[in-house]
Amino acid sequence: MALQLIDLTEDIEYLDIDASRVPYSFSVKLTDRTYMFTIKYNDVGGFYTADLQDVNGNVLAFGEVIRYGRQLFNVVENENFPIPVIIPLCINGEGISEITRQNFGKEVRLYLYERMVK
């Protein structure tokens, strides 16, 4: 599947994460639907997770591990999931290969890519 960054206004689109506030929840409108994201940190495993709910509070994903360079919520896809593909990346050439407390929300962001439908 080919991916292309969503470019609505010349700015690269991404979900703005404030890692200093984790755990926290925020709502975001993706395409024509609003979703509630909850970002948490697992101290034992040393990784971040994301929960996803629709506007009615229905849980779409719980405890999804946020892995560098891997699409979020790719295990289960249906009409309730966000249309854009969400991938945590560093696009400024820093040579980053993992998500840490120091880089998440700064160099590593949750970038939105158009889903190419055949």
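Below or above, wherever it landed, is the structure these notes cover.

## Some points on the overall build of the chain
A count of helical and extended segments in the chain gives zero helices and eight strands. Helices and strands appear in the chain in the N-to-C order β-β-β-β-β-β-β-β. Looking at the chain residue by residue over its 118 residues, the buried ones come to 37%. Surface accessibility of the chain: about 7300 Å² in total, with carbon and sulfur atoms responsible for 46%.

## Some thoughts on unusual backbone geometry
Look at the link from V22 to P23: it is a cis peptide, with omega at 0 degrees. Among the secondary structure elements, P23 is positioned in the loop between strand 2 (14-15) and strand 3 (24-30).

## Some thoughts on the packing of aromatic side chains
Under the criterion given, the structure shown has six aromatic pairs. Between the aromatic rings of Y14 and Y111, the centroid separation amounts to 5.7 Å while the plane-to-plane angle is 65 degrees, which identifies the pairing as edge-to-face. Of this pair, Y14 sits in strand 2 while Y111 sits in strand 8 (residues 109-115); the two residues are 97 residues apart in sequence, bridging distant segments of the chain. Judged by relative accessible area, Y111 falls into the buried class, the value being 4%. Here a set of aromatic residues connected by ring pairs shows up, and it is made of Y24, F26, F37 and F73.

## Some words on the sheet that holds strand 4 (residues 33-42)
Note: strands within a sheet are paired through backbone hydrogen bonds, in either parallel or antiparallel orientation. The strand order across the open sheet built from four strands is 3-4-5-6, with neighbouring strands paired in antiparallel fashion. Where the open sheet ends on each side, the last strands, each with one partner, are strand 3 and strand 6 (59-65). For this sheet, the mean inter-axis angle between neighbouring strands, taken without regard to orientation, is 20 degrees. In terms of strand pairing, strand 3 meets strand 4 through seven bridges, oriented antiparallel.

Each value, and the rule that gives it
Residues numbered from 1 in each chain as written. Predicted model: local features only at pLDDT ≥ 70, side-chain atom pairs only at ≥ 80, totals over all residues. Heavy atoms only, no water. Helix = DSSP H or I, 4+ residues; strand = E, 2+ residues; numbered from the N terminus. Buried < 20%, exposed > 50% of the residue type's maximum accessible area, 1.4 Å probe, protein only. Areas by Shrake-Rupley, 256 points an atom, 1.4 Å probe, with all protein chains shown as cover. Phe/Tyr/Trp six-rings, centres within 6.5 Å; stacked < 30°, edge-to-face > 60°. Pairing = 2+ DSSP bridges. Axes fitted to C-alpha atoms, helices over the stretch in contact; angles between N-to-C directions.

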